[in-house]
Amino acid sequence: MLPLMAATSNSVPEKSVVIDGLDVDSMRVRLDETDMQPLEGIWYYPNEEMTLGIERYKGPNNIGYRIILLDSPDINVVPGTVIGYIAATAVDSKYQLWLYSQRDQLTLIKPLKCVATLNDRATTLTFEPPHWKVKVRVNIARFLPSLFNGMSIIPDKVEEKVPIGFRKIYPDGGDGTPFNRVRYL
């Protein structure tokens, strides 16, 4: 019973929703009207070239923030689409992060859970998507199969990768230009 409760205690909606009329400018106004928390703001996701908004959200089960798409080169996802949720943990800089992983026409579905880390200055939120890697080897033509088993499971070392994540562009980004990006005048 306890594991079942733990699995459902931080459940997020199975499908995304769209907040009409939300873009970078209107998100900036919404944020300016609140007492912003360090996690709140406008963020840039360089891997997907997306601009995102993170705002407080009074959701069920300790879900305290939602991630909203504000701008993207992908025309199949509408600005204002909620693409994920964030919940605080016992560690100040660690969060549970859910991002929708699949599309069902224009709706995002299947939220995947990972752990995100907010840096000390609250300017980057990094995470590593969940991954599993196991090799199973079956060899029925092996010499002396009764002695050397015909099947084995071999752990495979996963190469260390640079974590992916978001960089804050507002309010710390000043003019709204993503950090480390050339701004042409």
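Residues numbered from 1 in each chain as written. Predicted model: local features only at pLDDT ≥ 70, side-chain atom pairs only at ≥ 80, totals over all residues. Heavy atoms only, no water.

Engineer: Help me get a handle on the overall build of the protein, residues and values and all.
Structural biologist: The secondary structure content of the protein amounts to 2 helices and 10 strands. Taken from N to C terminus, the helices and strands of the protein fall in the order α-α-β-β-β-β-β-β-β-β-β-β. Counting only residues that meet the buried cut, the protein has 34% of its 185 residues in that class. Carbon and sulfur atoms provide 55% of the accessible area of the protein, an area that totals close to 12,200 Å². (Helix = DSSP H or I, 4+ residues; strand = E, 2+ residues; numbered from the N terminus. Buried < 20%, exposed > 50% of the residue type's maximum accessible area, 1.4 Å probe, protein only. Areas by Shrake-Rupley, 256 points an atom, 1.4 Å probe, with all protein chains shown as cover.)

Engineer: Describe in detail the pattern of salt bridges, supporting the description with residues and values.
Structural biologist: If you walk through the whole model with that rule in mind, you get 5 salt bridges. Residues Glu 40 and Arg 56 are paired through a salt bridge, measuring 3.1 Å at the closest nitrogen-oxygen approach. Separated by 16 residues along the polypeptide, Glu 40 in the loop between helix H2 (24-32) and strand E1 (41-45) and Arg 56 in strand E2 (residues 50-56) bring together distant segments of the chain. With a shortest N-O distance of 2.8 Å, Glu 55 and Arg 66 are connected by a salt bridge. Taken together, the positions of Glu 55 in strand E2 and Arg 66 in strand E3 (residues 63-71) put the pair 11 residues apart, joining distant regions of the chain. Residue class for Glu 55 comes out buried when judged on its relative accessible area of 7%. (Salt bridge = Lys/Arg side-chain N within 4 Å of Asp/Glu carboxyl O.)

Engineer: Provide a residue-level description of the pairing of E1, including the pertinent values.
Structural biologist: Taken across its 5 residues, E1 has 5 buried, putting it largely inside the fold. The sheet contact formed by E1 and E2 spans 5 bridges and is antiparallel. For Tyr 45, the partnering residue across the bridge sits in E2 and is Met 50. Counted between consecutive antiparallel strands, the loop separating E1 from E2 contains 4 residues, among which Glu 49 sits at a positive phi close to 55 degrees. For E1 and strand E10 (residues 164-170), the ladder comprises 3 bridges, and the chain directions are antiparallel. (Pairing = 2+ DSSP bridges.)

Engineer: Talk me through the packing of aromatic side chains; I want residue IDs and the actual numbers.
Structural biologist: One pass over the full model with this rule turns up 5 aromatic pairs. Between Tyr 45 and Phe 166, the ring centres sit 5.1 Å apart and the planes meet at 75 degrees, which makes this aromatic pair edge-to-face. Of this pair, Tyr 45 sits in strand E1 while Phe 166 is found in strand E10, placing the two residues 121 residues apart along the sequence. Like Tyr 45, the residue Phe 166 is buried in the burial classification. (Phe/Tyr/Trp six-rings, centres within 6.5 Å; stacked < 30°, edge-to-face > 60°.)

Engineer: Describe in detail the side chain of Thr 51, supporting the description with residues and values.
Structural biologist: In this fold, Thr 51 is placed in strand E2. For Thr 51, a relative accessible area of 11% translates into the label buried. Residues within four places of Thr 51 in sequence aside, it is in contact with Val 24, Ile 42, Trp 43, Tyr 44, Ile 68, Leu 69, Leu 70, Asp 71 and Ile 169. (Contact = heavy atoms within 4.5 Å.)

Remember, this is a structural readout, not a statement about activity or role.
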